[in-house]
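# Fold and geometry: a report
One-letter residues, chain by chain:
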Amino acid sequence: MSKAINTIRSTAVPLPLENVDTDQIIPARFLKATSREGFGDNLFRDWRYNGDNTPKTDFVLNDPTYSGKILVAGKNFGCGSSREHAAWAIKDAGFDVVVSSFFADIFKNNALNNFLLPVTVSEDFVQRIFAVVRQDPAAKIDVSLEEQKITLPNGEAETFEINNYKKTCLLNGYDDIDYLLSMRDEIEQFEKQTRQ
């Protein structure tokens, strides 16, 4: 299964809440596992389920109206503790992209390291996405990593920034070691030159 990300064309799940911290994304009591699988079941656990494990019908992830590979959130997403499990949970739940007007730095880095693309756009553009998704939950949004651009169905678009190294890794499905291995020929050539 390829981990590479280039263009994601998908419907979106709106989560118009600000200051969503990593303990809300994946509560601490679920951090015992060391494998990345299964964390998606407990994504936003305390918001998704009642104490008796029945789904809360008013939470967006329990609403069949909304689905897709893009999670759109309010500003300051991923604040709080530095747990990598937050990125694992979002990715395991089927999301490839999270859109917000601001991400906590540690969450952003954890997301990039786990092939989850954090897209930072203006607050105005986030609100436009929320409006589009509310009006038509079946609306498809395009996220192009190559062009660093997110486009709404009406053609309205905004660009986003990403570290060039992380962009290369995501486009090719490389983790840090894969990236070094991809440069093996260049490294060997450099070593030959320095020995002479």
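You'll find the structure just up there.
Residues numbered from 1 in each chain as written. Predicted model: local features only at pLDDT ≥ 70, side-chain atom pairs only at ≥ 80, totals over all residues. Heavy atoms only, no water.

## Comments concerning the side chain of Asn114
Rules: For helices the rule is a DSSP run of H or I covering at least 4 residues; for strands it is a run of E covering at least 2, with both sets numbered from the N terminus onward. Distance and chemistry together define a polar contact, namely a pair of N or O atoms within 3.5 Å, with one atom able to donate a hydrogen and the other to accept it when in protein, and with adjacent residues in sequence counting only for side-chain atoms on both sides.
Following the sequence through the fold, Asn114 ends up in the loop between α4 (105–113) and β5 (117–120). A polar side-chain atom of Asn114 sits 3.1 Å from a polar atom in the side chain of Trp88.

## Points about the pattern of salt bridges
Quick reminder of the rule: One speaks of a salt bridge when a side-chain nitrogen belonging to Lys or Arg is within 4 Å of a carboxyl oxygen belonging to Asp or Glu. Only protein chains enter the accessibility calculation, which uses a 1.4 Å probe; a residue whose area is less than 20% of its type maximum is buried, one above 50% is exposed, and one in between is partly exposed.
Scanning the model with the defined rule gives 6 salt bridges in all. One salt bridge in this structure joins Arg83 and Asp23, with 2.9 Å as the shortest N-O distance. Taken as a pair, Arg83 in the loop between β3 (70–73) and α3 (85–92) and Asp23 in helix α1 (residues 22–25) lie far apart in primary sequence, 60 residues in all. The salt bridge involving Asp96 is made with Lys69; its shortest N-O contact spans 3.8 Å. Residue Asp96 is located in the loop between α3 and β4 (97–100), and its partner Lys69 is located in the loop between α2 (45–48) and β3; the two are separated by 27 residues in the primary sequence. For Lys69, a relative accessible area of 41% puts it in the partly exposed group. In the salt-bridge network here, residues are joined through shared partners; they are Lys69, Lys91 and Asp96.

## Things to note about the environment of Glu37
Along the polypeptide, Glu37 turns up in the loop between α1 and α2. We classify Glu37 as exposed; its relative accessible area is 60%. Between the C-alpha atom of Glu37 and that of Ala89, which follows or precedes it by 52 residues, the distance is 8.2 Å.

## Examining the packing of aromatic side chains
The criterion, for reference: Each pair of aromatic rings taken from Phe, Tyr and Trp, with Trp reduced to its six-membered ring, is defined by centres within 6.5 Å and is described as stacked if the planes are under 30 degrees apart, edge-to-face if over 60, and tilted in the remaining cases. A ring is considered to have a charge above it if a Lys NZ or an Arg CZ atom is located within 6 Å of its centre and within 35 degrees of its normal.
This model, assessed by the stated rule, comprises 7 aromatic pairs. Taken together, the ring pairs in this structure connect Phe44, Trp47 and Phe59 into an aromatic cluster. Cation over ring: Arg45 sits above Tyr49, and NZ or CZ is 4.3 Å from the ring centre.

## Let's talk about the sheet that holds β3
Selection rule: At least two DSSP bridges between two strands are required for those strands to pair. To get an axis, fit a line to the C-alpha atoms, keeping to the stretch in contact for a helix; angles then go from 0 to 180 degrees between the N-to-C directions. Contacts between residues were defined by any pair of non-hydrogen atoms, one from each residue, lying within 4.5 Å.
Sheet architecture is open: 4 strands sit in the order β2-β3-β4-β5, paired in parallel fashion. The open sheet has two free edges, formed respectively by β2 (12–15) and β5, since each of these has just one partner strand. The sheet shows a mean angle of 20 degrees between the axes of neighbouring strands, direction not considered. With 3 bridges joining them, β3 and β4 adopt parallel strand pairing. For Leu71, the partnering residue across the bridge sits in β4 and is Val98. Lying over the sheet, helix α5 (residues 123–135) contacts β2, β3 and β4, oriented at roughly 120 degrees with respect to β3.

## So, the sheet that holds strand β7 (residues 149–151)
Ordered by their spatial adjacency, 4 strands build an open sheet running β1-β6-β7-β8, and the pairing between neighbours is antiparallel. On the outer flanks of this sheet lie β1 (7–10) and β8 (157–159), each paired with one strand and no other. The mean angle between the axes of side-by-side strands here comes to 10 degrees, regardless of whether they run parallel or antiparallel.

Geometry only, nothing functional implied.
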